[in-house]
Amino acid sequence: AAKQANKFSKAFQASLNVEQLVTHWFTSYHQGDVVTSKEAKEWAKTHLYLPTVELEEVLRETYAIGTLLGHDVALATIGQVRLKKAATDDEINDALKINWKTWKPGNNPAEALVRPKRGLADLLARTEKTAQYLQDTTLSRIGVRLADALAKGSTIRQTAQSLTAVLKDSKRAFLVAQTEMARAMMAEQSDTYAENGVNEVEWLALDPCELCAENEAEGPVEINTEFPSGDLFPPAHPNCYCDLVPVILGE
């Protein structure tokens, strides 16, 4: 996710010509004008079009890598459970299939995109919608900065710097990358569990919010059944660090 975050940041930056925007803004409004954040957001949504092509490309790549990682995490998790019951060397070796020290996505993401399984296919079908949502959020953030710049009497240069900071926001880029990577991982983990005979799963929460704590308290549920939050698997919200774990013979 950290590696993908840089690509998300570049995609956000490539979608907007800041100098053009600022020039247009100060043509529409002048220092001393009173513009609310809501009005500035509406202005941005009306006058700006942020393309989603580059964002969609990064999202697809993130989903593919997340799918590969989710598949291997699922196999490793099942292996750890079965390792407790392993008695022979063959059973032990069969349980521990993943060597994380040498794990790399390699060229496999492209292959995953050619023949996507159900979870990845669902994510890919919503890629354009997800990218548009991210860009709508970008427009809202830009609107707030524009209104703030006008209220402060900022110069064109200062306003441009403020907007550039929005597009380069590394924390937001990582939040998006981590959340979407987790979404792909969990979708694939669920698919892989089902393919390997797992009938029940549990929501494992880390430093949970109230929503995720409720999901964890639900205990084992039949796979592909909604948890109290309405989700089949994490993440239940942006920056959710929860996991989906298999229940195998009561383990």
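Residue numbers here run from 1 along each chain, matching the order of that chain's written sequence. This being a predicted model, a pLDDT of at least 70 is required before a residue's local features are given, and a value of 80 or more before pairs of side-chain atoms are given or counted; all residues contribute to the totals for chains, interfaces and linings. As a rule here, side-chain values come from all non-hydrogen atoms in the structure, and water together with hydrogens is ignored.

1. Some points on the layout of surface pockets
Over the atoms rolls a probe the size of a water molecule, and its path tells where empty space is left.
Logical step 1: There is about 760 Å³ of room inside the largest pocket.
Logical step 2: R126, T130, T179, E180 and R183 are the residues nearest the centre of the largest pocket, which is lined by 28 residues in total.
Logical step 3: Only DSSP runs of H or I with at least four residues qualify as helices, and only runs of E with at least two residues qualify as strands; both kinds are numbered from the N terminus onward. If you list the elements that add at least two residues to the lining of the largest pocket, you get α7 (118-125), α8 (127-152) and α10 (170-195).
Logical step 4: Per element, the largest residue contribution to the lining of the largest pocket is eight residues, and it comes from α10.
Logical step 5: Classification convention: Asp, Glu, Lys, Arg as charged; Ala, Val, Leu, Ile, Met, Phe, Trp, Tyr, Cys, Pro as nonpolar; all other residues, Gly among them, as polar. Grouping the constituent residues of the lining of the largest pocket by class yields twelve nonpolar, seven polar and nine charged. Lining residues are those with an atom within 4 Å of a point, where the points come from a 1 Å grid over the protein atoms alone and group into cavities, where a 1.4 Å probe fits but cannot get out, or pockets, open sets with protein on both sides within 12 Å along at least five of seven lines. Grid points are joined across faces, edges and corners, and a volume is the space filled by probe spheres set on the points.

2. A short note on the sheet that holds strand β1 (residues 200-204)
Think of a sheet as strands paired side by side through backbone hydrogen bonds, with each pair either parallel or antiparallel.
Logical step 1: For two strands to pair, DSSP has to find at least two bridges joining them. Ordered by their spatial adjacency, three strands build an open sheet running β2-β1-β3, and the pairing between neighbours is antiparallel. Pairing within the sheet leaves two strands with one partner each, and these edge strands are β2 (221-222) and β3 (243-247).
Logical step 2: Where β1 meets β3, five bridges bridge the pair, whose relative direction is antiparallel. By the bridge assignment for β3, V201 is matched with P246.
Logical step 3: Packing of α10 onto the sheet brings it into contact with β1 and β3, and relative to β3 it is tilted by some 10°. Any pair of residues with heavy atoms lying within 4.5 Å of one another is described as a contacting pair. Angles shown run from 0 to 180 degrees and are taken between the N-to-C directions of axes, each axis being a line fitted to C-alpha atoms and, for helices, limited to the stretch in contact.

3. Section: a nonpolar patch on the surface
Logical step 1: Patches here are clusters of residues that have more than 30% relative accessible area and form no salt bridge, with a 9 Å joining cutoff for like charges and a 5 Å cutoff for nonpolar side chains (Val, Leu, Ile, Met, Phe, Trp, Tyr). The Shrake-Rupley method, run with a 1.4 Å probe, gives the accessible areas here. Residue values count only the displayed protein chains as cover. Salt bridges are defined by distance alone: a side-chain nitrogen of Lys or Arg within 4 Å of a carboxyl oxygen of Asp or Glu. A surface patch of nonpolar side chains, amounting to about 300 Å² of accessible area, comprises F174, L206 and Y241.
Logical step 2: By secondary structure assignment, the location of L206 is in the loop between β1 and α11 (210-217).

4. Regarding the pairing of β1
Logical step 1: By the alternation rule, side chains of β1 split into V201 and W203, which are all buried, and E200, E202 and L204, of which none is buried.
Logical step 2: Where β1 meets β2, two bridges bridge the pair, whose relative direction is antiparallel. In the strand pairing of β2, E200 is matched with E222. Partly exposed describes any residue whose relative accessible area lies between the buried limit of under 20% and the exposed limit of over 50%, with all areas from a 1.4 Å probe on protein chains only and scaled to the type maximum.

5. Focus on unusual backbone geometry
Glycine aside, residues mostly have negative phi angles, and peptide bonds mostly take the trans form.
Logical step 1: In this chain, P234 is followed by P235 through a cis amide linkage whose omega measures 0°.
Logical step 2: The topology assignment puts P235 in the loop between β2 and β3.
Logical step 3: A positive phi is found at D207, a non-glycine position, where the angle reads about 50°.
Logical step 4: Its location among the elements puts D207 in the loop between β1 and α11.
Logical step 5: Residue classification places D207 among the exposed positions, given a relative accessible area of 73%.

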